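# Working through the structure, step by step
Spelled out, the chains give:
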Amino acid sequence: EFSRMCKNGGTAVIPKNIAQKLRELGEICEKYPNAIPVDVVAEFNGTHPESLRNSLKEGTCPFGYAWNRGSRSGFCIPTLRFYLWVTDGKGLPDE
């Protein structure tokens, strides 16, 4: 377990596996500060990269987008948008 101080002065207990995923998310964001490759996001989410690409192409993915250039497709998953999606907008540290 991992304890974290809350704004109200109490503590919240975060399960080890969740704390590990949050650390992994931080490492990904550090490594890819602007945009995260599809394969990296798919592995983090435990899904197949092609499934994620299809979601990006269909416009159903809330944290990224795709475009077509002739017969080729491009994909973008902005780091900040993905981080905020994973953390439900609550992932920014208190200043």
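You'll find the structure just up there.
Let me sum up the structure you'll find in this document. As the structure is a computational prediction, the values presented were derived from the model and not from experiment.

A few words on the overall build of the protein chain. Broken down by element type, the protein chain carries 4 helices and 4 strands. Listing the helices and strands of the protein chain from first to last along the sequence gives β-β-α-α-α-β-β-α. When each of the 95 residues of the protein chain is scored for burial, the buried share is 25%. Partitioning the contacts of the protein chain with sequence separation of at least 6, the portion at a separation of at least 24 is 28%. Surface summary for the protein chain: the accessible area is close to 6800 Å², and the carbon and sulfur share equals 51%.

Further remarks concern unusual backbone geometry. Its identity as a non-glycine residue notwithstanding, D88 has a phi of 55 degrees, on the positive side. Residue D88 is classed as exposed on the basis of its relative accessible area, which comes to 55%.

Below, the discussion takes up the side chain of S55. Position of S55 among the secondary structure elements: in helix α3 (residues 49-58). Given the relative accessible area of 18%, S55 is considered buried. In this structure the side chain of S55 is engaged in a polar contact, spanning 3.0 Å, whose partner is the side chain of T60. When neighbours within four sequence positions are excluded, S55 is seen to be in contact with T60 and C61.

When their charged atoms lie close together, side chains carrying opposite charge are able to pair. Throughout the structure, instances matching the rule amount to 3 salt bridges. As a salt-bridge pair, R53 and D39 come within 2.9 Å of each other at their nearest N and O atoms. Taken together, the positions of R53 in helix α3 and D39 in helix α2 (residues 38-45) put the pair 14 residues apart, joining distant regions of the chain. D39 sits in the partly exposed class, given a relative accessible area of 43%.

Our next topic: the packing of aromatic side chains. As enumerated under the stated definition, the model contains 5 aromatic pairs in all. On the numbers, 5.0 Å between centres and 75 degrees between planes, the contact of F63 with F82 is edge-to-face. With F63 in the loop between α3 and β3 (65-69) and F82 in helix α4 (residues 79-86), the pair connects residues that are 19 residues apart, well separated along the chain. Here F82 falls in the buried class, since its relative accessible area comes to 1%. Ring geometry for F82 versus W85: centroids 6.1 Å apart, planes at 25 degrees, classification stacked. In this pair, F82 and W85 both sit in helix α4, 3 residues apart, roughly one turn of the helix.

Calculation rules
Residues numbered from 1 in each chain as written. Predicted model: local features only at pLDDT ≥ 70, side-chain atom pairs only at ≥ 80, totals over all residues. Heavy atoms only, no water. Helix = DSSP H or I, 4+ residues; strand = E, 2+ residues; numbered from the N terminus. Buried < 20%, exposed > 50% of the residue type's maximum accessible area, 1.4 Å probe, protein only. Contact = heavy atoms within 4.5 Å. Areas by Shrake-Rupley, 256 points an atom, 1.4 Å probe, with all protein chains shown as cover. Polar contact = N/O pair within 3.5 Å; in protein donor to acceptor, adjacent residues only side chain to side chain. Salt bridge = Lys/Arg side-chain N within 4 Å of Asp/Glu carboxyl O. Phe/Tyr/Trp six-rings, centres within 6.5 Å; stacked < 30°, edge-to-face > 60°.

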